[in-house]
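Structural overview
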Amino acid sequence: MASGQTLDAVRESAQSINDVTTYARVGTVAVITIDSPPVNALGGAVRRGLMDAFARAADDSEAHAVVLACAGRTFIAGADIREFDAPDPDAPDLLDVLARIDACPKPTVAAIHGTALGGGLETALCCHYRVATPSAKVGLPEVALGLLPGAGGTQRLPRIVGAQTALEMMVLGKPVAAAPAHEIGLIDTIVEGDLLEGAIAFARNAVLSGAPPVPVRERSEGLSLPHDAELFARFRADNARAFKGYQAPENIVRAVEAAVTLPFEAGMRREAELFQELFASRQSAALRYLFFAERQTARVPDLPTGTPKRPIAKVGVIGAGTMGSGIAMNFLSAGIPVTLVEQEDAALERGVAAIRRNYEISLKKGKLTPATLDACTERLHPSLDMADLCEADLIIEAVFEKMTLKQEIFARLDGIARPGAILATNTSFLDINAIAAATSRPGDVIGLHFFSPANVMRLLEVVRGSATRPDVVATAMGLARTIAKIPVLSGVCDGFIANRMMTPRMDAAQALILEGPLPWEVDKAMVAYGFAMGPFAMLDLVGLDVIGWDPATSTSSTVTQVLCETGRWGQKRQAGFYDYDATRRPSPSPVTEALVREFQFRAETQPRLFSGEEIVERLLLPVVNEGARILEEGIALRASDIDVALVMGYGWPPVTGGPMFWADTVGLEKIIARLEAIGETPAPLLRRLADDGAALHTWPATA
Ligand code: T1G
């Protein structure tokens, strides 16, 4: 970051403020540096350091300006989320620290590299100026944690960029790159060369200009931008769908309304009220839980520390269908060449065309540059000959879900793949051990279960066979991050983790409609809970005929079987549980209703009304029970891994935290009682945890 000369000057004069903060002076510019890995988060030590360092700067008569910089990979990346539920009692409150910075009478300059996010950008907004490297990004992503910028961001940001841009930045929560941030005035200068030198020069010029520095709280250019009173109403209307079910966006809008209508101090008080509402909410607790849960899945406690990873420089994919081409894209986009093998030319061409089409869609959306698109597609090597996989470091089989076919392929791979190559199967439920047994190298065989669309869904289930070697597991878990996936380690069982967890939800839904609620009433309840679509709409989308229905053995013994037998296979037939018009718009079907009523009659149930909450509970209880069994069997390492798998693999509503987190919000004693009330046998782990007063979603504490 800093060239030799400047860095030497800083080092020579640096004095320790505390273990994460130093104070130096380069000429007449004070340089405060935070060094608190991994992301310089605003934990207690950083807050104490900032408080004392800025006090020192204000009193230092030799210092005519102040630069705030960070060491390591990034400028301050936000409040320390780990401290939210266990704040450091001895450290000053963040708002007091920022007030100290904000009150500095000398020009203050934030030198930003990496990502200045959340409280990090709010700290920079308490400086008079912000300079950044070209690759830096700034943002207020608190909405992703179910929060709003609670350290003045909702009040200061609009004063620079205006209400509309501020709303977009905070409600979408997406970081803004340095160049566009400079265009909207959020960054004062982009420093092409050495950031610290540039920041010091900027500070010197600010002093030389003689102009009194104006704190952001006193600026108003953003608020004087033309905006009509309809702005907020329109913003709410335009984003109503995206806001649905989330509390934080509305509170952000209200906070920005306060920035536009109230004096700064009153606006800060309003921001604090709105922040506290969110901080105390279950949604935010769930999202903060998932933030760390996602970052924990890659840890495999029983892997010896320092387990080596095998270098993966070349990848082979067998099967150019929807999954194979999607899987290939993950590696192409990560800069890894892929040999894509198919049996027939037409199938191979379809796969290659699908890959190119997907990249072109990303290009149209501005997510890709033409150069990147060309680089990705140039890394793709289509082939009709498995022998071309002989140099691959990793080969992923993604063919039809048939054990004999997979075993045949792995047996052939055994003779083709180089020694040390990792042989992976994308099977979604077949026994990895049986596939591995088809080779002479079962230790090199592993499951890499991608979720469709494979180039989009972030979950990657890494399935460890009984013979899979530790370095193969370590390689797969590390590779997930390389291809921007969240790895969840699974043992071998039917459906691994995510599919196994979703099965009892579907079974419960099918059973429930015999007790009263119709399919669309069940779906409505699940959508209200936060799912994008309910289980029956999902069945219609996927196709009833492909979910384990066999015409040869169908016996009209379930609603689904009868629907399939009568050709109501779902959306593709414009009739399934729902009826569909030509645009595939669904409507409750009288045919299905009559069928359900008939089955209710046969079941001799006393159909009754169910509330939405009761429907949700009836579908979630068996899922929680299955999760507890998965943990007891050692299939999943942690309960939070199960939640991450469902959120990342099946769009389980993140604001609920996932089924294991939900179970603790209900209380395990109640979960057990309600499971028994519906005739389910609670998994022993639930009883043990309930007896110990322990939580399910953080079990096991050690993993
Ligand atoms: N607090 C504590 N730890 C954090 C952290 C944070 N804010 N951000 C990251 N870490 C840890 C993370 O757990 C991991 O730890 C390591 O850093 C690397 O993270 C008052 C209330 C900065 C873009 O939401 O978006 O400020 O697993 O694996 O992919 O208004 O981390 O190594 O032990 O993600 O390079 C707002 C959250 C907080 C930013 C880096 N800030 N962080 O991504 O690495 S709320 C955020 C990120 C707030 C104020 C409000 C990303 C990153 P470990 P990583 P990365």
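Just so it is clear, the model here is predicted, and its values are computed rather than measured.

A few words now on the overall build of the protein. In terms of regular secondary structure, the protein is built from 29 helices and 20 strands. Against the compact-globule benchmark of 27 Å for 703 residues, the protein has a radius of gyration of 29 Å, which places it among compact chains. Along the first, second and third principal axes, the C-alpha atoms of the protein reach 90 × 60 × 55 Å. For the protein, the share of sequence-separated contacts (at least 6 apart) that also reach a separation of at least 24 residues comes to 72%. When the accessible surface of the protein is totalled, it reaches about 29,600 Å², and 55% of it is carbon and sulfur. A gap of 1 Å separates the mean positions of the 66 positive and 84 negative side-chain charges of the protein.

What follows deals with the site of the ligand. Residues in contact with the ligand amount to 29 residues; listed here are only the nearest, Arg 73, Ala 79, Glu 122, Glu 142 and Arg 295. Here an oxygen atom of the ligand sits 2.9 Å away from a polar atom, N or O, in the main chain of Gly 150. Arg 481 places a side-chain nitrogen or oxygen 3.0 Å from an oxygen atom of the ligand. Notes on the ligand: free accessible area 1,000 Å², of which the protein chains cover 79%. When residues in the shell around the ligand are grouped by element, the largest group, three residues, is from helix 13 (residues 282-296). Here the shell around the ligand is built from residues that sort into 16 nonpolar, five polar and eight charged.

Our focus in this paragraph is the domain arrangement of the protein. By the assigned domains, the protein splits into domain 1 (3-278), domain 2 (315-493) and domain 3 (516-603). Averaged C-alpha coordinates put domain 2 and domain 3 at centres separated by 34 Å.

A few words on the pairing of strand 4 (residues 65-70). Of all six residues that make up strand 4, six are buried, and the element is covered over most of its length. Residue alternation in strand 4 divides its side chains into two sets, Ala 65, Val 67 and Ala 69 and Val 66, Leu 68 and Cys 70, and both sets are buried. Sheet topology places strand 3 (residues 29-34) next to strand 4; six bridges connect them, and they run parallel. If you follow Ala 30 over to strand 4, its bridge partner there is Val 66. The parallel pair strand 3 and strand 4, bridged by helix 2 (residues 44-59), forms a crossover whose chirality is right-handed.

The final tally for this structure, using the stated rule, is 39 salt bridges. Residues Arg 156 and Asp 102 are paired through a salt bridge, measuring 3.5 Å at the closest nitrogen-oxygen approach. With a gap of 54 residues between them, Arg 156 in helix 5 (residues 153-161) and Asp 102 in helix 3 (residues 94-102) connect regions that are remote in the sequence. The class for Arg 156 is buried, based on a relative accessible area of 4%. A salt bridge links Arg 674 to Glu 617; the shortest N-O distance between them is 2.6 Å.

This part takes up the sheet that holds strand 9 (residues 176-177). Spatial ordering of the open sheet is given by 6-8-9, a layout of three strands whose pairing is mixed. Looking at the sheet topology across the chains shown, the edges are occupied by strand 6 (115-117) and strand 9. In terms of strand pairing, strand 8 (residues 137-139) meets strand 9 through two bridges, oriented antiparallel. Bridge pairing links Lys 137 to Ala 177 in strand 9.

On to unusual backbone geometry, then. A negative phi angle characterises most non-glycine residues, just as the trans form characterises most peptide bonds. The omega angle of the peptide bond from Pro 37 to Pro 38 is 5 degrees, so this bond is cis rather than trans. For the bond running from Trp 699 to Pro 700, omega is -10 degrees, close enough to zero to count as cis. Along the chain, Pro 700 turns up in the segment after helix 29 (684-692). Residue Asn 40 is not a glycine yet carries a positive backbone phi of 55 degrees. Take Asn 40: it is sitting in the loop between strand 3 and helix 2. A positive phi is found at Arg 584, a non-glycine position, where the angle reads about 65 degrees.

Turning our eyes to something else, we now look at the UniProt feature "domain: 3-hydroxyacyl-CoA dehydrogenase NAD binding" (unreviewed entry) in the protein. The positions that UniProt labels "domain: 3-hydroxyacyl-CoA dehydrogenase NAD binding" (unreviewed entry) are, in the present scheme, residues 314-489. As annotated, residues 314-489 has a helix share of 41% and a strand share of 20%, and its two end C-alpha atoms lie 23 Å apart.

Residues annotated by UniProt as "domain: 3-hydroxyacyl-CoA dehydrogenase C-terminal" (unreviewed entry) correspond here to residues 495-580 and 615-675. The annotated region residues 615-675 carries 75% helix and 0% strand content, and the separation between its end C-alpha atoms amounts to 14 Å.

On to the sheet that holds strand 13 (residues 380-383). Through backbone hydrogen bonds, the strands of a sheet pair up, either in parallel or in antiparallel fashion. Spatial ordering of the open sheet is given by 13-12-11-14-15-16-17-18, a layout of eight strands whose pairing is mixed. Strand pairing shows two members of the sheet lacking a second neighbour, strand 13 and strand 18 (486-490), which therefore form its edges. Here the average twist between neighbouring strands, direction ignored, is 25 degrees. One ladder, built from four bridges, connects strand 14 (residues 394-397) with strand 15 (residues 422-425); its direction is parallel. Note that in strand 15 the partner of Ile 396 across the bridge is Ala 424.

So, about the packing of helix 26 (residues 639-650) against helix 27 (residues 659-666). In contact at an axis separation of 7 Å, helix 26 and helix 27 are set at 120 degrees when each is read in the N-to-C sense. The segment helix 26 lies against helix 27, with Ala 639, Ile 642, Asp 643 and Leu 646 engaging Pro 659, Met 660 and Phe 661. The residue inventory of the contact of helix 26 with helix 27, partitioned by class, reads six nonpolar, no polar and one charged.

Right, let's talk about the confidence of the model for the protein for a bit. Of all residues in the protein, 99% attain a pLDDT of 70 or more, and the chain-wide mean is 94. Confidence metrics for the complex model read pTM 0.93 and ipTM 0.98.

Here we come to the packing of helix 25 (residues 612-632) against helix 27. For the pair helix 25 and helix 27, interaxial distance at closest approach is 9 Å and the crossing angle is 110 degrees. By the angle class used here, helix 25 and helix 27 are roughly perpendicular. At the point where helix 25 passes helix 27, the crossing takes the left-handed sense. The segment helix 25 lies against helix 27, with Glu 617, Leu 620, Leu 621, Val 623, Val 624, Gly 627, Ala 628 and Leu 631 engaging Pro 659, Met 660, Trp 662 and Ala 663. Looking at the contact of helix 25 with helix 27 residue by residue, the class counts come to ten nonpolar, one polar and one charged.

This next bit is on the nonpolar core. In this structure, Leu 619, Ile 642, Trp 652, Leu 686 and Leu 696 are the most contacted members of the largest nonpolar core, which totals 76 residues. At ten residues, the largest contribution of residues to this core is made by helix 25. Three or more residues apiece are contributed to this core by two domains, here domain 2 (315-493) and domain 3 (516-603). If we skip the residues at most four places from it in the chain, Leu 686 touches Val 624, Asn 625, Ala 628, Leu 668, Ile 671, Ile 672, Leu 675 and Leu 696.

Secondary-structure assignment places Pro 653 in the loop between helix 26 and helix 27. On the basis of relative accessibility, which here comes to 2%, the residue Pro 653 falls in the buried class. In sequence terms Pro 653 and Ile 678 are 25 residues apart; their C-alpha atoms lie 24 Å from each other. If near-sequence neighbours (up to four positions away) are discounted, Pro 653 is found in contact with Tyr 529, Gly 530, Phe 531 and Gly 658.

The rules behind each value
Residues numbered from 1 in each chain as written. Predicted model: local features only at pLDDT ≥ 70, side-chain atom pairs only at ≥ 80, totals over all residues. Heavy atoms only, no water. Helix = DSSP H or I, 4+ residues; strand = E, 2+ residues; numbered from the N terminus. Rg over C-alpha atoms; globule rule 2.2 N^0.38 Å. Contact = heavy atoms within 4.5 Å. Areas by Shrake-Rupley, 256 points an atom, 1.4 Å probe, with all protein chains shown as cover. Lys, Arg positive; Asp, Glu negative; His and termini not counted. Charge placed at Lys NZ, Arg CZ, Asp CG, Glu CD. Near = heavy atom within 4 Å. Polar contact = N/O pair within 3.5 Å; in protein donor to acceptor, adjacent residues only side chain to side chain. Nonpolar A, V, L, I, M, F, W, Y, C, P; charged D, E, K, R; others polar. Domains from an automatic or database assignment. Buried < 20%, exposed > 50% of the residue type's maximum accessible area, 1.4 Å probe, protein only. Pairing = 2+ DSSP bridges. Right-handed = clockwise from strand over helix to strand, strands pointing away. Salt bridge = Lys/Arg side-chain N within 4 Å of Asp/Glu carboxyl O. UniProt positions renumbered as here; feature names shortened; annotations may be inferred. Axes fitted to C-alpha atoms, helices over the stretch in contact; angles between N-to-C directions. pLDDT = per-residue confidence, 0-100. Parallel < 35°, antiparallel > 145°, perpendicular 65-115°, else oblique. Left-handed = near helix turned anticlockwise from the far one by under 90°. Core = buried A, V, L, I, M, F, W, Y, C linked by side-chain atoms within 4.5 Å.

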